[in-house]
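Reading the structure
The primary structure of each chain is shown beneath.
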Amino acid sequence: MKKEIQNLVDKGEMLPLMEEFYTIQGEGYHKGTAAYFIRIGGCDVGCHWCDVKESWNAEIHPPTETQKIVDNAKKYSNTIVVTGGEPLMWDMTALTAKLKAEGLQTHIETSGAYKLTGIWDWICLSPKKLKLPTQEVCEKADELKVIIYNKDDFRFAEEQASKVNKNCILYLQPEWSKREKAVPAIVDYVMANPKWKISLQTHKYLNIP
Ligand SMILES: C[S@@+](CC[C@H](N)C(=O)[O-])C[C@H]1O[C@@H](n2cnc3c(N)ncnc32)[C@H](O)[C@@H]1O
Ligand SMILES: Nc1nc2[nH]cc(C(=O)O)c2c(=O)[nH]1
Ligand code: SF4
Ligand SMILES: [Mg+2]
C-alpha cells in the first residue's frame, strides 16, 4: 500500500471496506430494525466458527474514504451498524464523527479486544476467550452477546457478565452450526437464570443478509 494511503488508514480517515448493505438488524436488542451495515475488513481474534472469515485479511479490502462510506450510508435508514472483521482494530473517530454529523445513530458490533474509539449510540459487546475485552468497553457496553458453542461458554458468559455495567442487557446467542444442540441448552439456561435473554441470528432464518 502507498505510504499516503497507509497514513490515512492509520488515522482512520480511510478504512478497509469489505462490504456495505441495507438490511434488518438480525441480532440482539435492535433485532427487527432496518439498518445499514458497514463491514470493515481485518480481524486477528480467530474464532474457529466465525461466519465471516473472508473479513479477516484487511489487505484484500480496499481502503475507502470515510466520507464516501457516510455518503452511501445516509441514503437509507437512521440506524448504522459498524461491524467487521473487528472494527476496533481501526480508529473509528473519523467515521463516527461524520455519521453523527449527518444525525445518524451509530451502533457497533465488537469483540472489544482493542481500544474503544468512536462516538457510539449503541455498543454490542460479543467477547471472545481468545482475546478478552478491555475494561473500558465492558463499562460502556449496552448489550453483552455471548456466543454459545459448547457448555463451557455458559461459564464464560457468567464471567463476562460480572465485568459489564449493571444496565448492560445480557444475551446468549447460539453458534449457528451448533444451533440444534445449543438452542435447547440456552432455553433451559435462560429459564433457570432469567437475567439472560436469548438472541437468535434471525436474518439467517429470514434468508436476508
Ligand atoms: C462477525 S462478528 C463481527 C464483529 C466483531 N468481530 C465481533 O465478533 O463482535 C458479528 C457478530 O456475529 C457473531 N457471530 C460470528 N459468527 C457466528 C456464528 N457462527 N454463530 C453465531 N454468531 C456468530 C459474533 O459473535 C458477533 O456478535
Ligand atoms: N442482518 C444482520 N444482522 C446482523 N447483526 C450483526 C451482524 C454482524 O455480522 O455483525 C449481522 C449481519 O451480518 N446481518
Ligand atoms: S472476533 Fe468477530 S470477526 Fe473476528 S473472528 Fe471472532 S466473530 Fe469473526
Ligand atoms: Mg453477521
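Residues numbered from 1 in each chain as written. Chains lettered and ligands numbered in written order. Predicted model: local features only at pLDDT ≥ 70, side-chain atom pairs only at ≥ 80, totals over all residues. Heavy atoms only, no water.

Some points on the pairing of strand β6 (residues 122–125)
Where we set the bar: Between buried and exposed lies partly exposed: a residue is buried under 20% and exposed over 50% of the maximum accessible area for its type, with that area taken using a 1.4 Å probe on protein chains only. Helical segments are the DSSP runs of H or I of at least four residues, strand segments are the runs of E of at least two, and each set is numbered from the N terminus. Each pair of strands is called paired provided DSSP finds at least two bridges between the two strands.
Along β6, one buried face is formed by W122 and C124 and the opposite face, lined by I123 and L125, is buried too. As paired strands, strand β5 (residues 105–110) and β6 are joined by 4 bridges and run parallel to one another. The residue of β6 that forms the bridge with H107 is W122. Alignment of β6 against strand β7 (residues 143–148), held across 2 bridges, turns out to be parallel. Residue pairing across strands places L125 opposite L144, the latter belonging to β7.

Concerning the site of ligand 3
Keep this limit in mind: Throughout this document, a residue counts as near a molecule or strand when at least one of its heavy atoms sits within 4 Å of that molecule or strand. Each residue gets one of three labels, nonpolar for Ala, Val, Leu, Ile, Met, Phe, Trp, Tyr, Cys and Pro, charged for Asp, Glu, Lys and Arg, and polar for the others, Gly among them.
The full set of residues close to ligand 3 is C43, V45, G46, C47, C50, W56, G85, S111 and K128. Residue composition of the shell around ligand 3, by class: 5 nonpolar, 3 polar and 1 charged.

Remarks on the UniProt feature "binding site: substrate" (unreviewed entry) in the chain
The condition that has to hold: UniProt positions are given in the numbering used here, feature names are shortened, and annotations may be inferred rather than shown by experiment. Two N or O atoms form a polar contact when they lie within 3.5 Å of each other; inside protein one atom must be a possible hydrogen donor and the other a possible acceptor, and for residues adjacent in sequence the pair counts only when both atoms belong to side chains.
Using the residue numbers shown here, the UniProt feature "binding site: substrate" (unreviewed entry) corresponds to I24, Q25, G26, R39, T83 and P209. By the secondary structure assignment, Q25 is in the loop between β1 (14–24) and β2 (34–40). Exposure remark for Q25: the relative accessible area of 7% places this residue in the buried category. A polar contact is formed between the side chain of Q25 and the backbone nitrogen of E27, at a distance of 3.0 Å. Structurally, the position occupied by T83 is in strand β4 (residues 79–84). The exposure class assigned to T83 is buried, which follows from its relative accessible area of 9%.

Quick word on unusual backbone geometry
Cis peptide bonds are those with omega within 30 degrees of zero, and the linkage from G84 to G85 qualifies with 20°. With respect to the helices and strands, the residue G85 is situated in the loop between β4 and α3 (93–101). Of note in this structure, N207 is not a glycine but carries a positive phi near 55°. If you trace the backbone, N207 turns up in the segment after α7 (202–206).

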